[in-house]
Amino acid sequence: MNQTQPSASADTPSNLLISAHQIQHRFGDNRVLHDIDFQIKRNQIITLIGPNGAGKSTLVKILLKILKPTQGQVVHHQNLVIGFMPQKIQIDPTLPLTVKRFLQLGLKKAEHNTTQIETIAQELQVESHLNQAVQSLSGGEMQRVLLARALIRNPDLLVLDEPVQGIDLQSQSQIYQLIHEQQQKRQCGVLMISHDLHLVMKHTDEVICLNQHVCCSGTVQSLRDHPSFIAQFGTDLPEHALYQHHHDHCKHG
Amino acid sequence: MTLDPFMLYALSAGLLAAWLAAPLGVFVVWQRQAYFGETLAHSALLGIGLGLILQIHLTLAILITSFIIVISLHQLRQSALLATDTLLGILAHGSLALGLVVISLQGNIQLDIMGYLFGDILSVHREDLYWMLGLGVLLFVFFYRNWHDLLNLTLNTELAQVEGVKVKALQLQMTLLLALVIAVAMKIVGILLITSLLILPAATARRLANTPEQMLGYTFFTASFSVATGLILSYYLDLPSGPAIVVSAMTLFLILLLKPKK
C-alpha cells in the first residue's frame, strides 16, 4: 500500500491512479485503438464494454504498461500497486503446484506470510482448496483463486479481464459479489472488462463503451439517456436485465 | 567394479551435462517448450557449419545461430500466418539440413558428423569440462536468483509482468542458457537426442514430486541415474553412449509410469 497518501477527497490528484492521454495503437497497418483518453481514480469502478475486436484487452494491456502504445502516454501513480486477474490462465499439469503455493507466488519473495494467505483464502471462500493442485479446480473456483491472487498484494487498483467468462451463472454472481465486497472493504479502484453488463451495472460508477475509440461513456444513469446507448440497449433497462449488446452504430469504416 | 580413467572422464562429463540440463529441462516441460528446445538443438549443427566456415569458436557460433533462430521465429510468427509448431518444424529441419549441407561443402575438413548427431562422449576434452563447470556456476546463479520470477512467468506472462517480473529479459536469458547447454552437452548425447536429456528426466520426476522444487531435485536424481547406467551399459556392452543414456532414461520413465500419478 502507498503510505504517502492519506484518505483525501476523491478529486485530488493523489487519488488519480492511472491517466492515459491520446492513446493510439496499431498492429502492423491495422489501427486497433485511437483517440483514447482515460482516467481512473481510487475507489472508482469502471467497466469497459465493447464487442470482440473492439480493443478492450489491448487497451488494458496499454494501461497496465504491458504493451507500449504506438502513440500517446500512460502515467501511473507513484508506487501504484496493481492486482491483475487475467482472462484465462493455463497451467500445465506437469507443474506440481498447490493453490497455497500459487497464492504465495503472488507475494514478493521476502513477504511469505501464511496468515495472509489463509485470510484472503477465507474471504474468497477457497480455504478448503489450499492444499489441492491448482489444475484440479473448477472454473468458478479458479476465478476465485485468481481474484485472491490479485488481492494478495493489497492493490490500489484491481484490473479484471472478463472475470466471469466461461463459468456458470451461480458462480458468476458469486464472483461479482466478492469483487464488490472486496472493493468496499479496500476502497481500491476497479477496472473491469466485460461483454455482459447485466450484473456489473448496479455497482459501476462509469461505463466506457469501446469500439476502437470511446463510443460513449458516463454513469449508468447518464448513459441511459445517451442517444447511442438507447440505440444499443433501448429505453427501459431493468437493473438485472440480460440483453444482447449491439455495436453496429460504432463502425466508422 | 573398476573403471578405466577415460570412463571416469566420460562419467563426469555425462553427469555434468545432465545436471546442466536439469533446471532448464523442468522449465522446458512446464512451459511446453520441448519442440523449441528441439529446434535450438537442430540449429546447433548449422552453428557448427558456420563456425567452421568463419573460423570462430564453435560455441560462439552456436550461440549466434540460436539467436538468429529465435529472431526468425519471432518474425515468422507475426508474418507467416502459420502455427508455431509448423514454424518450429520448418526452422528445426531447415537449419539441420542447411547445417549438413554447409559442413559437407567444406570437403577438406575431416569431421565426424555422426559424432555431432548422436554424441561421442570419448571426444570430450578437458576444456569441455571447464566449459561445463563454468556454465554450471552461471546456471546456479541464474536459477537461484530468479526462481520465484521464473515460476511466475511460467504461470502467466502477463500476470508476471504486472507483478513486476522482467519477462522478456528472463526469457531471453533462459534461451541463451539453453543454447549454451545444448552446445556443451552435444558431445554427450548428440544434437538429435539432446531434447530427451532435457525432457525425459523432468517428465519422470513429475511422477514423484509434489512441489516445483521437489521436481527439480528428482530431475537431478533421475538424470544422474540415467547417465550412469547408460554409460556403464555402453562400456560393457559396447553400445553408442548417447543412445544408451537415452534408452536408460526412457526405461526409468516407463517404470515410473506404473506408479500412480500424484
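See the structure shown above.
Residues numbered from 1 in each chain as written. Chains lettered and ligands numbered in written order. Predicted model: local features only at pLDDT ≥ 70, side-chain atom pairs only at ≥ 80, totals over all residues. Heavy atoms only, no water.

A. Spatial organisation of a nonpolar patch on the surface. Residue and element names in this part refer to chain B. On the surface, L50, I53, L54, I56, L60, I64 and I68 cluster together into a nonpolar patch covering about 590 Å² of accessible area. With respect to the helices and strands, I56 occurs in the loop between α2 (34–54) and α3 (58–79). On the basis of relative accessible area, I56 is assigned to the partly exposed category, the value being 32%. (Patch = residues over 30% accessible without salt bridge, like charges linked within 9 Å, V, L, I, M, F, W, Y side chains within 5 Å. Areas by Shrake-Rupley, 256 points an atom, 1.4 Å probe, with all protein chains shown as cover. Salt bridge = Lys/Arg side-chain N within 4 Å of Asp/Glu carboxyl O. Helix = DSSP H or I, 4+ residues; strand = E, 2+ residues; numbered from the N terminus. Buried < 20%, exposed > 50% of the residue type's maximum accessible area, 1.4 Å probe, protein only.)

B. A look at the interface of chain A and chain B. At the junction of the two partners, chain A supplies 26 residues and chain B supplies 24 residues. Regarding the contact of chain A and chain B, the summed buried area is about 2,300 Å², with carbon and sulfur atoms giving 58% of it. The closest approach of N and O atoms between R32(B) and D92(A), which form a salt bridge, is 2.5 Å. One can count twelve residue pairs in polar contact (both at pLDDT 80 or more) joining chain A with chain B. The set of elements that each furnish at least two residues to the side of chain A that touches chain B consists of β5 (82–85) and α2 (99–104) of chain A. Among the elements that take part in the side of chain A that touches chain B, α2(A) stands out by supplying three residues, more than any other. (Contact = heavy atoms within 4.5 Å. Buried area = accessible area lost by both parts, 1.4 Å probe. Polar contact = N/O pair within 3.5 Å; in protein donor to acceptor, adjacent residues only side chain to side chain.)

C. Summary view of the sheet that holds β5(A). All names here are of chain A. Strands sit in the order β5-β6-β7-β3-β8-β9 across an open sheet of six strands; the sheet is mixed. Strand pairing shows two members of the sheet lacking a second neighbour, β5 and β9 (214–218), which therefore form its edges. In this sheet, neighbouring strand axes are inclined to one another by 15 degrees on average, regardless of whether the strands run parallel or antiparallel. Sheet topology note: the strand β3 (residues 45–49)/strand β7 (residues 189–194) ladder contains five bridges and is parallel. Of the residues in β7, the one forming a bridge with T47 is M192. Against the sheet, helix α1 (residues 56–63) engages β3, β6 (157–161), β7 and β8 (206–210), with an angle of about 155 degrees to β7. Strands in contact with helix α5 (residues 169–186) are β3, β6 and β7; relative to β7, the strand with the most contacts, it is inclined by about 160 degrees. (Pairing = 2+ DSSP bridges. Axes fitted to C-alpha atoms, helices over the stretch in contact; angles between N-to-C directions.)

D. Representation of the packing of aromatic side chains. Residue and element names in this part refer to chain B. Evaluation of the coordinates by the stated rule reveals seven aromatic pairs over all chains. Taking 5.0 Å as the distance between ring centres and 80 degrees as the angle between the ring planes, the aromatic pair formed by F27 and W30 counts as edge-to-face. Placement of the pair is F27 and W30 together in helix α1 (residues 5–30), with a separation of three residues, close to one helical turn. The same class applies to F27 as to W30, namely buried. (Phe/Tyr/Trp six-rings, centres within 6.5 Å; stacked < 30°, edge-to-face > 60°.)

E. Quick look at the pairing of β5(A). All names here are of chain A. Side chains I82 and F84 project from β5 onto one buried face, and the interleaved G83 and M85 project onto a second face that is buried too. Direction of pairing for β5 relative to β6: parallel, over a ladder of four bridges. By the bridge assignment for β6, F84 is matched with V159.

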